[in-house]
Structure formats: structure tokens, C-alpha cells
Amino acid sequence: MDRSHTERAARVASASLQGHPPAVSAVVCETYDLEQVRRAVTTALAPLGGMKRFVRPGMSVLLKPNLVSAAALDRGVTTHPAVVEVVAGLVQEAGGMALVGDSPGGPIADNDRVLSGTGMVDAAERAGAQIVRFDGVAWIRHGGADYFVARPVLDVDLIINLPKLKTHVLTLYTGAIKNLFGVIPGTRKREVHCRAPGVIDFGQALVDVLELVRPGLTIMDGILGQEGNGPGVGGTPHPYGCVVASADPLALDTVVARALGYRTGEVVYLEQASARGLGVSDPRAVQILGDRAALDFGPLDLPKSHWYFRLPGWISKPVHRGATIRPRLSAAACVGCGRCVEVCPGDAIALEKQATIDLSRCIGCLCCAEICPQGAIEPRWSLLARLIGIGP
Ligand code: SF4
Ligand code: SF4
């Protein structure tokens, strides 16, 4: 199963990239007014050949937004429904059948609540698209590890990836490649976090998923994103004011990560994807089309952890072992909803009236902080990390 599937995924990707150097197209878009978003997406796609270059009549096309939780839209956590509605409309105009689906960080039973709470159900209805549930799974053995992937992801002709532009306290940045982690349904994500707890191992898992699903087109919602300790409600909303598109998710991430202020090599999974031949991680090798000024983000509050990756290897390896990050619970903010318990891969969280965290079982994945609707869990660096200044 793994071989035939990855070959198919690679064919889809190479069909999108064929004959084209890595190109990323960016345009300014400052509001979610539907007409402005439509103009921005159409303008971003024009130099890439327009939607009709990617969508042929009769194709089934899955739109994969970032729907990690049902956070309020003004928190900049999830892909905005206006972007989904516009892209779904363009797919339909090109003769494709648009489907919208994602799996939140919590259990599959949360799917409907998150899909409606993030505005996806209404957006899909307005665009004539269909919502798909990520509850059927396929088992794929890949890279020596087992992955459970939502069945609809494997059944469609094309995936259009619709990530949100955010900083990420663990991986530093989340965009095109990281968004694909949502194809692993619900709490199945816990298994991956458990066997790949650190930035390096988790990066390899993210690249495994990229190899498995290979979107043919990525259109990033960078209109309102996050800086600081994203990607959940612990992050700070930031108006990046852009839409960015590419047939190459790694090229897109490379360009956006550089625009955020990261240096080559800092966002580990981009290097790992490049090492596997899944695109380029050198921004000089990527052609930037459209409006370069759309990627002029200015100074940002990046997760402090990014300084760690600038250290030489002989320092960074021992630091990596000692400078850990763990969740810290604010009892005053916890309402005892239990969502953190459901996502915790280490079974480290117990719940009575409120959550309590057993740090001896915690692997530091920060899924709990990501999912908590109250922002009651924040990352806390170890004493060593704070002493050497890589953690706040
Ligand atoms: S910490 Fe957050 S997710 Fe966990 S029970 Fe409390 S409010 Fe819910
Ligand atoms: S307590 Fe939070 S950070 Fe620790 S393993 Fe569980 S989900 Fe991950």
C-alpha cells in the first residue's frame, strides 16, 4: 500500500510542478472582504497559470484548511472561511468538485463542532462545495513507521492545501507542510507525537506526511496570522496582510519562513524535506512572483526557541537534551473541559474539576497548549533554557 500510494502522490506533485522552476506568488490582501479575497487569490494564481492549470473538469478536489480547533476567527488560529469559500468557488468554476475537510487536534467526535465553529460549513454551502468527514482511515507504512491517514485524502484527484501563516513554539513556523499533519485523523496524531517527540524526529514525521499526500497547490491565508507563541490561542494575532500561493509547498514555506526572519536551517523540517528531494529550501533558488512587498513583514515577535538553532552543533546537542520545554497550567484559566486530556499522547494529564499535568510522563509536544480553548496552558522552558536565554 505504501509504495503505490507514495508513487501516486509523487505523480500528482510532479504534474503540478512539471516544467516550472520553484515559484511562489504573493499578493497583498488586508481584509477578509469576500471580493478582496477573491481578487487576491485570483491575482496570486495568475502567474502560476490560474486555477485551471491545476483543476480539470470532473476532478475531485479536497481543500485542506487549518482547523486545529474552533478558536474565534480574530485569534488568527484557523484558515478563514472567506479563503475557503473563494477557493472552492474557483475550483467549481474550473469544473472540479470541491470538498472541504480537516481533522482537528482533538477526537474525531469534535469534527462537526470545529467545522461549523470555524465557519467551514457555511462557507462550503455558499460555494456549493461538500464537507467531508475525516473519520475513515487508511493504514500506510512509510519510512519505517505506521501512519493512519484520513481516507478522503487518498481518494481525491487533487489536494489544495490552505494553511494559515503562524509561528509555532515547537517547530518555529507552521505553514504549508505542517498543515498537512491534519490528514492524520483526530487523536491518531498522538501516536506520531509519542514516537517522534523532539523537533528533529517530529520534523521527519512531518516530511513523511508530505511524501504521502503531496498537495498539488498551496494557497496560504496570511491575511491575519499569528506571531509569538503560536499556533493556538496562546499565539498573538498578527496582520501579515498577504495571500501566498505555490505548486511547491516547500518553496512556499522556504520563502515565508525567510520573510518571518528565520535563517536557512532554522526551521528543521524544511531542511529535512529538502534532503529528501521534496523541493528546495534555499530561498535564492525560488522565483518570487507577484508583489514582493507582500512579504515584507517587518520586525516580529518570534518564538524565543529560534535562537537555539543558531548554535553550533557541539553546543546545540547537549543543549537540546537539557533545554526542554514543558506545558504550564494556569489553574485560574482552566474550565475543566478535558480537551487537553484527549490529545495528550503521553497520558500525562488527569482531570477532575480541572486538569493536572504529570510532567514525568510529558514528552513536550505542546498539543495540550495548542488545543486548549482557554489559553490555560502555556509553554514553559527548563531552567537551563532560561539561563542561556533561549527560552523566556
Ligand atoms: S487546560 Fe484547557 S483544555 Fe485542559 S481542561 Fe483546562 S480548559 Fe480544558
Ligand atoms: S502534557 Fe501536553 S505537552 Fe505533555 S505530552 Fe501531554 S499534550 Fe504533550
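The numbering scheme is per chain: residues are counted from 1 as the chain's sequence reads. The lettering of chains begins at A and the numbering of ligands begins at 1, in the order of writing. Given that this is a predicted model, residues contribute local features only at a pLDDT of at least 70 and side-chain atom pairs are listed and counted only at 80 or more, while totals for whole chains, interfaces and linings are drawn from all residues.

1. Details of the site of ligand 1
Link 1 in the chain: With respect to spatial proximity, 15 residues lie near ligand 1, and among them C334, C337, C340, A355 and C372 are the closest.
Link 2 in the chain: By the convention adopted, Pro, Cys, Tyr, Trp, Phe, Met, Ile, Leu, Val and Ala count as nonpolar, Lys, Arg, Asp and Glu as charged, and the other residues, Gly among them, as polar. Here the shell around ligand 1 is built from residues that sort into ten nonpolar, four polar and one charged. Each residue receives a C-beta atom built from its backbone; the residue is near a molecule or strand if that atom lies within 6 Å of it.

2. Details of the pairing of strand β12 (residues 242-246)
Link 1 in the chain: Here the C-beta atoms are placed from the backbone, and a residue counts as buried if at least 20 other C-beta atoms lie within 10 Å of its own, exposed if 12 or fewer do, and partly exposed otherwise. A run of H or I in DSSP counts as a helix once it spans at least four residues, and a run of E counts as a strand once it spans at least two, with each numbered from the N terminus. Counting buried positions along β12 yields five of five residues, so the element is predominantly enclosed.
Link 2 in the chain: Burial of β12 is two-sided: the residues C242, V244 and S246 facing one way and the residues V243 and A245 facing the other way are all buried.
Link 3 in the chain: Only when DSSP finds a minimum of two bridges between them are two strands counted as paired. Both strand β1 (residues 23-28) and β12 contribute to a ladder of five bridges, which runs antiparallel. The residue bridging V27 from the neighbouring strand is V243, located in β12.
Link 4 in the chain: Pairing analysis gives five bridges linking strand β10 (residues 217-227) to β12, with the strands arranged antiparallel. Residue pairing across strands places T218 opposite S246, the latter belonging to β12.

3. As for the site of ligand 2
Link 1 in the chain: In the region of ligand 2, 15 residues are neighbours, and C344, G346, C362, C365 and C368 sit closest.
Link 2 in the chain: Among the residues forming the shell around ligand 2, the class breakdown is 13 nonpolar, two polar and no charged.

4. As for helix α4 (residues 81-93)
Within an α-helix, residues lying three or four positions from one another point in the same direction, as the helix has 3.6 residues per turn.
Link 1 in the chain: Each residue after the first adds 1.5 Å to the expected span of a helix. Between its first and last C-alpha atoms α4 spans 18 Å; for 13 residues at 1.5 Å apiece the expected length is 18 Å, and the two agree.
Link 2 in the chain: Across the 13 residues of α4, eleven count as buried, placing the element largely inside the fold.
Link 3 in the chain: Taken residue by residue, α4 has P81, A82, V83, V84, E85, V86, V87, A88, G89, L90 and V91 as its buried positions.
Link 4 in the chain: Just past α4, the residue G95 takes up positive phi, approximately 95 degrees.

5. Regarding unusual backbone geometry
Link 1 in the chain: Of note, the bond from G230 into P231 is cis; its omega dihedral lies within 30 degrees of zero at 15 degrees.
Link 2 in the chain: Despite not being glycine, L172 shows a phi value in the positive range, around 80 degrees.
Link 3 in the chain: Tracing the chain through its elements places L172 in strand β9 (residues 172-174).
Link 4 in the chain: You will see that R214, though not glycine, has its phi angle at about 35 degrees, which is positive.
Link 5 in the chain: Along the chain, R214 turns up in the loop between α10 (199-213) and β10.

6. Topic: the packing of helix α2 (residues 34-45) against α4
Link 1 in the chain: Following both chains from N to C, one finds α2 and α4 inclined at 55 degrees, their axes separated by 9 Å at the closest point. Judged by the inter-axis angle, α2 sits oblique to α4. Judged by the twist between their axes, the crossing of α2 over α4 is right-handed. Along the contact surface, α2 presents L34, V37, R38 and V41, while α4 presents A82, V83, E85, V86, V87 and L90. All axes are obtained by fitting lines to C-alpha atoms, using only the stretch in contact for helices, and the reported angles, taken between N-to-C directions, cover 0 to 180 degrees. Note on angle classes: values under 35 degrees are labelled roughly parallel, values over 145 roughly antiparallel, values of 65 to 115 roughly perpendicular, and the remainder oblique. Take the far helix as your reference; a near helix turned counterclockwise from it by less than a right angle gives a left-handed crossing, and one turned clockwise gives a right-handed crossing. Two residues qualify as being in contact provided that their C-beta atoms, derived from the backbone, are within 7 Å of each other.

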